[in-house]
Structures are given as C-alpha cells and as structure tokens.
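Reading the structure
What follows is the residue order along each chain.
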Amino acid sequence: MKSSRISQAIVAAGGVFVALGYLSPWAVVDPNHEGPVADIKFWRQNVAFELDYLEADVLTLLPLLLTGALFAWNPKSRVSQIVGVLTGIFYISLPFYYRMNIVRLHHVPTDIIYSVLVGGVLILVGVGFAVLIDSARETQ
C-alpha cells in the first residue's frame, strides 16, 4: 500500500511541474534582437492561455488530467500505467517539438518550458516505480 502512495506522489509531483510550466508563456521576443519584430502569432506566445488556442491547450492538458485521475483511482492498473508512460513521453517530447517547430522568427523559448520536461520525467519515474513494485509482488 505504501509503494502505491509513493508512486502516486511522484506522478503528482510530475503533474505539478507540468502545471507550473503551463502557467507561463513559452516564447518571448528575443532580447538580443534589434529592429522591427514581425507581427506573427503562434501558440503560447507571450501569454499562458489565449482563447484562440483553447483547443490546443485542452488537448495538451488532457493527458495530464487523464493520468492524474487514473493514478489516483488505481496506480496498479495496467491501463493507468500505459497511459502514464504515454503521458510521460508526450511531456518529455513537447518542449523539444515546440522549440524546433513552433517558435518562429524573432522569438526564443523561455526556460520555464523545461519544467514540462521535468514533469514528464517524474511521471515516467512514478509509473516505473509502480510497475517495478507491482512486478516484484507478482514474483513473490
């Protein structure tokens, strides 16, 4: 029982890191840029949430909510473990994808985007801990 609480706490800590990273913008105008800045608009630029990109925000936070609910309900379930692994991989890859494909022109990503990556790693560690403890109990 104690091990499932530990894995739940690790997954919850990962969720906190993802949520903290989500509360701030991920791209700002490059402070070293001189001259005019192109008037473009893209997801998570200068503000954390914007109504124009509500669907993207909801779809990006949905894995976190699903993993949190499944892990709170039953961390030993294979479904919650598989969803947790996929969520961790998603949040680890999201900052890299954003940095390489979404940030444009005279903008640079902020450092807070990497808290999402840390959150993804913690989610994977929590799921891995749950799987490890579950498999150790099955062998006994």
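See above for the structure.
Below, the structure is looked at part by part.

Here is what the cut-offs are and how they apply
Residues numbered from 1 in each chain as written. Predicted model: local features only at pLDDT ≥ 70, side-chain atom pairs only at ≥ 80, totals over all residues. Heavy atoms only, no water. Helix = DSSP H or I, 4+ residues; strand = E, 2+ residues; numbered from the N terminus. Polar contact = N/O pair within 3.5 Å; in protein donor to acceptor, adjacent residues only side chain to side chain. Contact = heavy atoms within 4.5 Å. Buried < 20%, exposed > 50% of the residue type's maximum accessible area, 1.4 Å probe, protein only. Core = buried A, V, L, I, M, F, W, Y, C linked by side-chain atoms within 4.5 Å.

What follows is about the side chain of T87. Within the secondary structure, T87 is located in helix α3 (residues 78–102). A distance of 3.5 Å separates a polar side-chain atom of T87 from the backbone oxygen of P63. Leaving out residues up to four positions away in the same chain, T87 has contacts with P63, L64, T67 and I123.

Structurally, the position occupied by S7 is in helix α1 (residues 2–22). A residue is classified by how much of its surface remains accessible, and S7, at 0% relative accessible area, is buried. A C-alpha to C-alpha distance of 5.9 Å links S7 and F129, two positions 122 residues apart in sequence. Setting aside anything within four residues of it in sequence, one finds S7 in contact with F71, P75, G126, F129 and A130.

The next thing to look at is the nonpolar core. Formed by 19 residues in total, the largest nonpolar core has its most connected members in W26, W43, Y91 and Y98. Contributions of two or more residues to this core are made by α1, α2 (54–73), α3 and α4 (113–139). Ranked by the residues each element gives to this core, the list is headed by α4, at five residues. Discounting chain neighbours no more than four positions away, the residues touching Y91 are V18, T60, L61, P63, L64, V116, L117, G120 and I123.

What follows covers the environment of L122. Structurally, L122 can be placed in helix α4. Assessed through its relative accessible area of 23%, L122 is described here as partly exposed. For the pair L122 and D57, spaced 65 residues apart in the sequence, the C-alpha separation amounts to 21 Å. Not counting residues within four places of it along the chain, the set of residues in contact with L122 comprises I10, A13, G14 and F17.

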